[in-house]
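Chain and residue survey
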Amino acid sequence: MPASAELAAWCILAAAFVAFFASSIARLGRVWVNIEDYQWCFAVPPFAAYLLWHRRDMMTGYVPRGSWWGLALFACWALMRWTALYFNLESFPEYSMIPFLAGVTLFVGGWQALRWAWPSLLFLVFMLPLPGVVQDIARLQLQKVATILSVFVIQTVGIAAVPDGIVIQLTDKPLRVAEACSGLRMLSMFLAFCIGAAFIVRKPLWEKLLLVASAVPIAIAANVARIVLTAVCCEIARHWPSLVTSDKAEHVIHDYAGLLMPIIGLLLLWLELTLLSKLFIELPDRPLVIGRLEEAIGAGGGRSARGKEHR
């Protein structure tokens, strides 16, 4: 395809993207600004662009050869748009960005371009808010899990606690695991972080899969640490009210503990990677003994040849 025609195709498709998704982009901006659980999503598009740059060697010297199979992805995008309009689904227009961008990549750049860009396209899913029903179900289940595990840890450290739904009954007051304490934001952040790291690090496939799978327990553990710390502070307030009041322990310390959650999660992730590096050691391409034996034989052969020449 000539360079001028390729440039024209990109310009037309970029204009089409802006025309079709202007309202969706504006809605995403409002969600990221106004909803605390999605404020971290501002970092998703820049990181997706970094993944393209990180994999740039795949496109060195490549001549774009567009594929008509891109029209199938455009058809998928059109079906999602029609479904969103017909059934009044708010999140579907935003999710249809992914097949549209994949269709553009395949239609203009071909299969090699799609193999280059698919990690970035997949990562863009994290910038999209979850559908309302899915979000409510996930948040409720995470609240229940956080309550049960937090009660177990609180009882283990010697503080009386009884679970009641998503409420932890302490000695003198209830501690409610609110929606903000569900850990949904932490789970989304760490899932995105672990998947992004898996795309970058040079590790075996099984280690990358383990890295991604560990995002869920790490996020839950960090959230449990936040709730347990709040309960411990409430117990301190009960015995020594001059140090901290009960309301301050529940609200102020709870909020500051929330700022520590990413640090706790990153620390746990670092411990996991360190443990894996100690347990599994990468072997060289050739066994060490065989490699040294080959070097010794080669050196001996070289000395023999020089001896014959000297004689």
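Report follows, based on the coordinates. (Residues numbered from 1 in each chain as written. Predicted model: local features only at pLDDT ≥ 70, side-chain atom pairs only at ≥ 80, totals over all residues. Heavy atoms only, no water.)

**Quick word on the overall build of the protein**
Secondary structure summary: the protein contains 12 helices and three strands in total. Scored against the burial criterion, the 311 residues of the protein give a buried share of 36%. Restricting the contact set of the protein to residue pairs at least 6 apart, pairs at least 24 apart contribute 72%. When the accessible surface of the protein is summed, it comes to about 18,700 Å², and 70% of that surface belongs to carbon and sulfur atoms. (Helix = DSSP H or I, 4+ residues; strand = E, 2+ residues; numbered from the N terminus. Buried < 20%, exposed > 50% of the residue type's maximum accessible area, 1.4 Å probe, protein only. Contact = heavy atoms within 4.5 Å. Areas by Shrake-Rupley, 256 points an atom, 1.4 Å probe, with all protein chains shown as cover.)

**Overview of the packing of helix α2 (residues 44-54) against helix α8 (residues 184-200)**
Close contact between α2 and α8 brings their axes to 11 Å; oriented N to C, the two are set at 10°. The angle between α2 and α8 places the two elements in the roughly parallel class. Residues F47, Y50, L51 and H54 of α2 lie in contact with α8, whose contacting residues are G196, F199 and I200. For the contact of α2 with α8, the class distribution of residues is five nonpolar, two polar and no charged. (Axes fitted to C-alpha atoms, helices over the stretch in contact; angles between N-to-C directions. Parallel < 35°, antiparallel > 145°, perpendicular 65-115°, else oblique. Nonpolar A, V, L, I, M, F, W, Y, C, P; charged D, E, K, R; others polar.)

**Observations concerning the sheet that holds strand β1 (residues 162-164)**
Spatial ordering of the open sheet is given by β1-β2-β3, a layout of three strands whose pairing is antiparallel. One side of each edge strand has no neighbouring strand; the edge strands of this open sheet are β1 and β3 (174-176). Each strand of the sheet is rotated relative to its neighbour by a mean of 25°, with strand direction disregarded. Of the pairings in the sheet, the one linking β1 to strand β2 (residues 167-169) comprises three bridges and is antiparallel in character. If you follow D164 over to β2, its bridge partner there is V167. Lying on the sheet, helix α7 (residues 132-156) is in contact with β1 and β2; it crosses β2 at an angle near 20°. (Pairing = 2+ DSSP bridges.)

**Notes on the side chain of S96**
Of note, S96 is situated in the loop between α4 (92-95) and α5 (97-109). Owing to a relative accessible area of 0%, S96 belongs among the buried residues under this scheme. In this structure S96 touches F21, W77, M80 and R81, once residues within four positions along its chain are discounted.

**Focus on the packing of aromatic side chains**
What the rule picks out here adds up to 18 aromatic pairs. With 5.4 Å between their ring centres and 70° between their planes, F21 and F100 make a pair best called edge-to-face. With F21 in helix α1 (residues 3-34) and F100 in helix α5, the pair connects residues that are 79 residues apart, well separated along the chain. Accessibility expressed as a relative area gives 0% for F21, which makes it buried. Taken together, a centroid distance of 6.2 Å and an interplanar angle of 55° make the contact between F190 and F193 tilted. Of this pair, F190 and F193 both sit in helix α8, separated by three residues, roughly a single helical turn. Three or more aromatic residues joined by ring pairs make a cluster, and in this case those are F17, F20, F21, W68, F74, W77, F100 and F107. It is R56 that lies over the ring of W53; its NZ or CZ is 3.9 Å from the centre. The ring of F21 is capped by R81, whose NZ or CZ atom sits 5.5 Å from the centre of that ring. (Phe/Tyr/Trp six-rings, centres within 6.5 Å; stacked < 30°, edge-to-face > 60°. Lys NZ or Arg CZ within 6 Å of the ring centre and 35° of its normal.)

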